[in-house]
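# Examination of the molecular architecture
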Amino acid sequence: MMLRLFRAAGWLLFVLLLVVFAGVLYARHLTSSALTGSLTLRGLHGPVSVVRDRWGVPHIRAQASDEDALYALGFVHAQDRLWQMEFQRRIVQGRLSEVLGEAALPKDKFLRTWGFYRAAQTALPALSVKSRSLISAYTAGVNAGIEQDRLPLEFRLLGFKPEHWTDVDSVAWSKLMAYDLGGNWDDELTGQRVVQKLGAAGLDAVLPPYPKDAPTILSSAELQPSAARTSAPPAAPPSSLPPGALAQLRAQLAAAASLDFVNAPGKGSNDWVIGGQRTASGKPILADDPHLNLSAPMLWYLADVQGPTLHAVGASIPGLPGVVIGRNEHIAWGVTNVNPDVQDLFIEPAGAKLSSRTEVIKVKGQPDVRYTVQQSQHGPVVAQSSDWGDGQSRAVSLEWTALKDGDTTFDSFLGLNYAQNWQQFTAALSSYVAPSQNFVYADTAGNIGYYAPGRVPIRSGGWDGALPVPDDSAHTWTGYIPFSQLPHVYNPQNGLVVTANNKVTPGSSLPFLANERMWAEPYRAQRILQRLELGKPLTLDDVASTQLDTVSLVWQALKPFLLATQPKDELSRRALDLLRGWDGNETLSSVQASIFEAWLTRLQGMASDEVPDLRLTSYAVLNQLRTQGPLCRSTVLNEADCAATLAGSLQRAAAELSKRLGNDPNGWAWSRLHSSLSAHGAFGGVGAIGWIWNRGLPTPGGTNTVNVARPDPGTFHQTHAPSYRQIIDLADMNRSRFIGTLGQGGNPIGEHYADMQALWRDGQYIPMSSLPTDWGETQTLELTPAP
């Protein structure tokens, strides 16, 4: 009897596995696109070949026109990433509730309030004729891909089909990228909360100014003649926001965070360019790794796109035409975020004239929601309340460069794809609006350079933009810093430009870009500079090892204070002893990395008594410890000074690690605690099915390491990371390297969905080459124009 039962169970298991296997094969058949053979498509002017290499990177070759090349890029974007494109489009439009239901309504209200898609609609007519032609060709290619009707699994689960793509859709996602990278309105809210709780002097404790001795991107010698030194602009008198307005604004921040748009500490990027006098080849090397939110599928899509005059290779974004970061045959470029202050919150006077419009939000399974959005002369009204203390109702509005009419940023990015020298490069950047980026540059002639383009407002009266201000004659935007006066340098004497979101110019040099609290902590920039001063000519491998560096200068700075801690129990003592002699390298096997990061996470919450939910930067923690600052005191935890806070936070960190990883600190390897999480935007948080799309693996690095890997408080997941890496060799462009976080595909059961993930974690790259000999095994799809 038992034998028969075992046999029956075995057969049942076999049948179930067979059914699952058949289901996977069927789903793959339904969702897989044609990668070989020939397709006849409307809208092409000549034949185009799409050769996908062993990693799924398309090498597009168009014979008739550059428009055909971008048509093919739109087509392969739709083939491989149509759900990502649709989800991004619905975010920009504020139409998530239409397919996800009532739970997405707060997101849609936030997105409609800010008017991202309306801003994209005003940007399109301002673009050049050439850009419009390329965008229209890309749009046609996307629609040709949609018409193949090989819809990803997400569409089938949610029960809808995508609408046709439009030219506005082809530029719209750039508005959300600008939001993710280009604002400080949340910093203004934080500053407001700090001032209310701690007074104006508390700003320096919670948001400390950039260190005076820390590296800046440009030196004093590299400043333009117009960049005279001057005193810093004064802070505006605090204009207190009442609880009602603050609650509305914080609700919008929460809606943005639910879409993974978070101003996370340590979120930033690295790029640098090295002149030929410093390299083994005698030609420049350019490196870039933008740090962004991890997602599944990954944000970037690697591509090699060639037409008669367009020859661009690098990272594109599905839904946007062209290569965003990369190279052509003559120049290379990389970007990091400048983070100038380009957003201001204005408190409108009572009775201010506001315009209104009604947005109709469709909600799946529910009646339509009619939602009123208001606008002031500055921009969208983002809060309105009547609890100002005088019985009057007032609105809070937002002014932001990216929401202004006539945004020509796309002219810049498409122009970079064609630029052949510094003059053409800077001409392209002169149209740039937002988000302002640190562009590094190199060309095959041996030149290097740097430019920080974008519209940065000039504020009347010179207030610094750190806090909300009243809408009055003393607080207005009077124009933008002229392009020629924005920070830049060409062929710097020392042959090196390093950017890591650190301060751009030294001291109080003009032009004024942002108040001193907005720059990233200096640790990544300092470490990169250390690594590039090797005393020998630099190679591609030297640059790669710098991108992958996981030594923590935060540990080096905090070390004297942490090691002086008096442990409160035996577990704390054992953990502290393990830190003694540690070199700060946060490798996968490091036990010390787990102890340090868990401890740092606790210390970063030391201001929560005064300002709930506020997390300090590591530099703010350092300032409190070395000055015996007031934030060390906690009445809630009964800790009277920094010594007590250090001991208590170590005890709590050790207890947490013991609970997670066991009682023996020698077993607390970083790989057991810290892992990446690339989550799906729509289904990643759905426990029953999220695993189908979500990906992750143990990762090295930590808070403010060059290979940035800040752990999320509470989970220790790495949710922000180097989202793309490139190293470009101007001596031989085809020896260049790049890599993404997951893979080219959007299909979770496809072979290229996550085949780069382990390579990315382990510091490997794939060839950034236009030579077929570097592509490995290939698949070729021929696209021919319909008669």
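Not measured: the values here are computed from a predicted model.

Looking at the protein chain as a whole, the pLDDT averages 94, with 94% of positions reaching at least 70. Note on residues 17-22: pLDDT under 50 across the span, and zero contacts to partners over four residues away in sequence or across chains.

Locating Tyr117 in the fold gives a position in helix α5 (residues 116-123). Overall, Tyr117 belongs to the buried group, its relative accessible area being 15%. Taking C-alpha positions, Tyr117 is 48 Å from Pro537, a pair spaced 420 residues apart along the chain. Apart from the residues lying within four places of it in its own chain, the contact partners of Tyr117 are Val92, Gln93, Thr166, Val168, Asp169 and Ala172. Polar side-chain contacts of Tyr117 include one of 2.6 Å to the side chain of Asp169.

The sheet built from 11 strands is open, its strands ordered β1-β30-β2-β3-β7-β8-β9-β10-β16-β17-β21 with mixed pairing. A strand with exactly one partner marks an edge of an open sheet, and here the two such strands are β1 (37-41) and β21 (488-490). Each strand axis lies, on average, 20 degrees off the axis of its neighbour in the sheet, ignoring direction. As paired elements, strand β9 (residues 325-327) and strand β10 (residues 331-337) share two bridges and run antiparallel to each other. Considered in β10, the bridge of Gly326 is made with Trp333.

Moving on to the pattern of salt bridges. Counted under the stated rule, the structure contains 36 salt bridges. Two residues, Arg61 and Asp304, come together in a salt bridge whose shortest N-O distance is 2.7 Å. Here Asp304 lies in strand β7 (residues 301-306) and Arg61 lies in strand β3 (residues 58-62), a separation of 243 residues in the sequence. The salt bridge partner of Arg580 is Asp577, with a shortest N-O separation of 3.3 Å. For Asp577, a relative accessible area of 36% corresponds to the partly exposed category. Through salt bridges with shared partners, a single network forms among Glu86, Arg89, Arg90, Arg95, Glu98, Glu163 and Asp169.

A word on the environment of Thr113. The residue Thr113 is located in helix α4 (residues 105-114) in this model. The exposure class assigned to Thr113 is buried, which follows from its relative accessible area of 5%. Along the backbone, Thr113 and Ala383 are 270 residues apart, and their C-alpha atoms lie at a distance of 9.8 Å. Setting aside residues no more than four positions away along its own chain, Thr113 makes contact with Gln252, Arg357, Tyr371, Val373, Pro380, Val381 and Val382.

Take the sheet that holds strand β15 (residues 394-400) next. Read across the sheet, four strands follow the order β14-β15-β11-β19 without closing on themselves; strand pairing throughout is mixed. Where the open sheet ends on each side, the last strands, each with one partner, are β14 (381-385) and β19 (469-470).

As enumerated under the stated definition, the model contains one disulfide in all. The disulfide that involves Cys632 links it to Cys642, with 2.0 Å between the sulfurs. Disulfide Cys632 to Cys642: torsion about the S-S bond roughly 85 degrees, handedness right-handed. Here Cys632 is found in the loop between α19 (618-627) and α20 (642-661), whereas its partner Cys642 is found in helix α20, with 10 residues between them in sequence.

Moving on, we get to the side chain of Gln252. Position of Gln252 among the secondary structure elements: in helix α11 (residues 243-258). Residue Gln252 is classed as buried on the basis of its relative accessible area, which comes to 9%. Residues contacting Gln252, with those up to four places away along its chain left out, are Phe110, Thr113, Trp114, Trp185 and Val382.

Calculation rules
- Residues numbered from 1 in each chain as written.
- Predicted model: local features only at pLDDT ≥ 70, side-chain atom pairs only at ≥ 80, totals over all residues.
- Heavy atoms only, no water.
- pLDDT = per-residue confidence, 0-100.
- Contact = heavy atoms within 4.5 Å.
- Helix = DSSP H or I, 4+ residues; strand = E, 2+ residues; numbered from the N terminus.
- Buried < 20%, exposed > 50% of the residue type's maximum accessible area, 1.4 Å probe, protein only.
- Polar contact = N/O pair within 3.5 Å; in protein donor to acceptor, adjacent residues only side chain to side chain.
- Pairing = 2+ DSSP bridges.
- Axes fitted to C-alpha atoms, helices over the stretch in contact; angles between N-to-C directions.
- Salt bridge = Lys/Arg side-chain N within 4 Å of Asp/Glu carboxyl O.
- Disulfide = S-S within 2.5 Å.

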